[in-house]
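Chain residues, written in single-letter form:
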Amino acid sequence: MVWRVVALVVALWLALVSSAWAMEPADRLFQLVNAERVQRGLAPLRPAPELKAAAQRYAQAMAEGGFFGHTAPDGSTFITRNEQAGYLKWRFLAENLAAGQPTPEEALQAWLNSPPHRENLLSPLAEEMGIGYVYRPGSPFGHYWVQELGARAAGPPYYAVQGEPSTGRFSAEGRLSPATRSGERAAPLRWVAETGFAVEGPWLAFFRANGDVEAFGLPRSPVVPDPTGSGLLVQFFQRAVLEWHPENPAEARIQRRLLADLLFPGADPPHDPNDPPPGPWHYFPFSPDRPTGLGHFVADYTRTGQPIYFKEFFDRHGGVTAFGYPTEEPKLRDGRWTQKFQAAILEYHPENDRPGVLPGSLIPWRTYRVQVRLLGDEYIARLGLSFR
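Criteria and thresholds
Residues numbered from 1 in each chain as written. Predicted model: local features only at pLDDT ≥ 70, side-chain atom pairs only at ≥ 80, totals over all residues. Heavy atoms only, no water. Helix = DSSP H or I, 4+ residues; strand = E, 2+ residues; numbered from the N terminus. Buried < 20%, exposed > 50% of the residue type's maximum accessible area, 1.4 Å probe, protein only. Contact = heavy atoms within 4.5 Å. Areas by Shrake-Rupley, 256 points an atom, 1.4 Å probe, with all protein chains shown as cover. Core = buried A, V, L, I, M, F, W, Y, C linked by side-chain atoms within 4.5 Å. Salt bridge = Lys/Arg side-chain N within 4 Å of Asp/Glu carboxyl O. Expected span 1.5 Å × (residues − 1). Pairing = 2+ DSSP bridges. Axes fitted to C-alpha atoms, helices over the stretch in contact; angles between N-to-C directions. Parallel < 35°, antiparallel > 145°, perpendicular 65-115°, else oblique. Left-handed = near helix turned anticlockwise from the far one by under 90°. Nonpolar A, V, L, I, M, F, W, Y, C, P; charged D, E, K, R; others polar. pLDDT = per-residue confidence, 0-100.

Here the focus is the overall build of the protein. Looking only at helices and strands, the protein has 12 helices and 17 strands in total. Going through the 388 residues of the protein one by one, you find that 49% of them count as buried. Residue pairs at least 24 apart in sequence account for 59% of intrachain contacts in the protein once pairs closer than 6 positions are excluded. When the accessible surface of the protein is summed, it comes to about 18400 Å², and 58% of that surface belongs to carbon and sulfur atoms.

On to the nonpolar core, then. Trp-191, Phe-207, Phe-216, Phe-323 and Leu-346 are the most contacted members of the largest nonpolar core, which totals 32 residues. The set of elements that each furnish at least two residues to this core consists of helix H7 (201-209), helix H8 (212-216), helix H10 (310-316), helix H11 (319-323), strand E16 (345-348) and strand E17 (370-372). The biggest single contributor to this core is H7, with four residues. Setting aside its immediate chain neighbours within four residues, Phe-207 contacts Trp-191, Val-199, Asp-212, Val-213, Phe-216, Gly-217 and Phe-237.

In this structure the tally under the stated criterion is 22 salt bridges. In this structure, the salt-bridge partner of Glu-312 is Arg-369, at a minimum N-O distance of 3.1 Å. Of this pair, Glu-312 sits in helix H10 while Arg-369 is found in the loop between E16 and E17, placing the two residues 57 residues apart along the sequence. On the basis of relative accessibility, which here comes to 34%, the residue Glu-312 falls in the partly exposed class. Here Arg-369 falls in the buried class, since its relative accessible area comes to 12%.

End to end, helix H2 (residues 25-39) covers 21 Å across 15 residues, agreeing with the expected 21 Å (1.5 Å per residue, within 8%). Taken together, the buried positions of H2 are occupied by Ala-26, Arg-28, Leu-29, Phe-30, Leu-32, Val-33, Asn-34, Glu-36 and Arg-37. In the stretch just after H2, Gly-41 is the one whose phi turns positive, near 80°.

Of all the 10 residues making up strand E2 (residues 90-99), 10 are buried; the element is thus mostly covered by neighbouring parts of the structure. Here E2 pairs with strand E4 (residues 143-152) via nine bridges, running antiparallel. Bridging across to E4, Leu-97 finds its partner in Val-146.

The four strands are arranged E8-E9-E10-E11 in an open sheet whose pairing can be described as antiparallel. The outermost strands of the open sheet, each flanked by one partner alone, are strand E8 (224-225) and strand E11 (254-256). Sheet analysis places E8 next to strand E9 (residues 233-236), joined by two bridges and oriented antiparallel. If you follow Val-224 over to E9, its bridge partner there is Val-234.

Here the focus is the packing of H2 against helix H5 (residues 104-112). It is the contact of H2 with H5, at a shortest axis distance of 9 Å, that shows an interaxial angle of 45°. Relative to H5, the element H2 is oriented oblique. When the axes of H2 and H5 are compared, the crossing they make is right-handed. For the pair H2 and H5, the contacting residues are Pro-25, Arg-28, Leu-29, Leu-32, Val-33 and Glu-36 in the first and Pro-104, Glu-105, Ala-107, Leu-108, Trp-111 and Leu-112 in the second. Of the residues belonging to the contact of H2 with H5, the class tally is nine nonpolar, no polar and three charged.

Turning to the side chain of His-70, a few remarks are in order. Note that His-70 resides in the loop between helix H3 (49-65) and helix H4 (78-84). You can call His-70 buried: its relative accessible area is 2%.

Below, the discussion takes up the environment of Gly-41. Structurally, Gly-41 is set in the loop between H2 and strand E1 (46-47). A relative accessible area of 67% places Gly-41 in the exposed class. Note: C-alpha distance between Gly-41 and Pro-124 (83 residues apart in sequence) is 10.0 Å.

So, on to the confidence of the model for the protein. Taken as a whole, the protein shows an average pLDDT of 83; of its residues, 84% reach a score of 70 or greater. Mean pLDDT values over the elements of the protein span from 45, in helix H1 (residues 2-22), up to 97, in strand E15 (residues 336-340). Counted against residues more than four places away or in other chains, residues 154-170, with its pLDDT under 50, gives 73 contacts. Considering only residues more than four positions removed or in separate chains, one finds that residues 175-188, a stretch of pLDDT under 50, has 32 contacts.

The following block contains the structure:
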């Protein structure tokens, strides 16, 4: 009798294992997420076809496009992608991404090991979920996982956890509904950085949409009246200063101060547009009668063939909106390739242009091969400011 019970248990275990093996990876991850939630006393999430469709399409787009992050090269965000898939009248949305993990178990563990991802995944505000997965050999990460979480129908808007910057092999982001779609005022988005200062509302929306910490650094101040006497409200960051322009249309009220022009005034004479560097490039023609550029290239290689990847970084982190126009061609300064833009200086760090990940993390070294100089800190020091 005992052997029959043992045989039955083994048979059931084998059936479960076989079922897990036969299950699609995205479905398996869905199952694992709900098991984790139930184990922690949370309600399981319902499948939402719209979230599933958005997640699968975005996993495919990242795999085919060779990029990784919440904002796609076409400018779409997880909010616009889910709405385009038909997920409307939502009151909570969040997105977790993972890349490089070959199994659902490893993808889930990566999220659970990271506080913002875990907070999204275990949010009591979430009610529905969709998961997408694509394996594409030869792509930068091979395996791409997308988890969309949401809640619809009646209910008050909520504050949602803002994920950490989209760097490395996994990233998280969450947002509350910008409104209830009936004209009610949106509750603000808010993120408190480790510097102790918060970024919120339209300031945070601009920050997230135009490069995040990689482009702006951490906040060094709250929103304050401009100490230089411009009459504007401003917020200082390690790499930038953002300004509030209430006279502009809503989409243009946050602007980046042209710090590089202030700290290092002047621009080189326009470069010959018929003398492009090798590889991908874009030329901003000199046209003093209209704001289309200052006559310089942004490119991924110098004219001698040295890789610098400035165009890739520029395009991925907001372009002209975030950095302004290039005011020179790439130059060697103290042994490092740099290029000055109106609002920033890009630096190429060859020591980070290598395979592998940072010790103790899943963040690829190459995430930091291009960095934005800490002009915000330099500007704060020049003005002699302190916000403590």
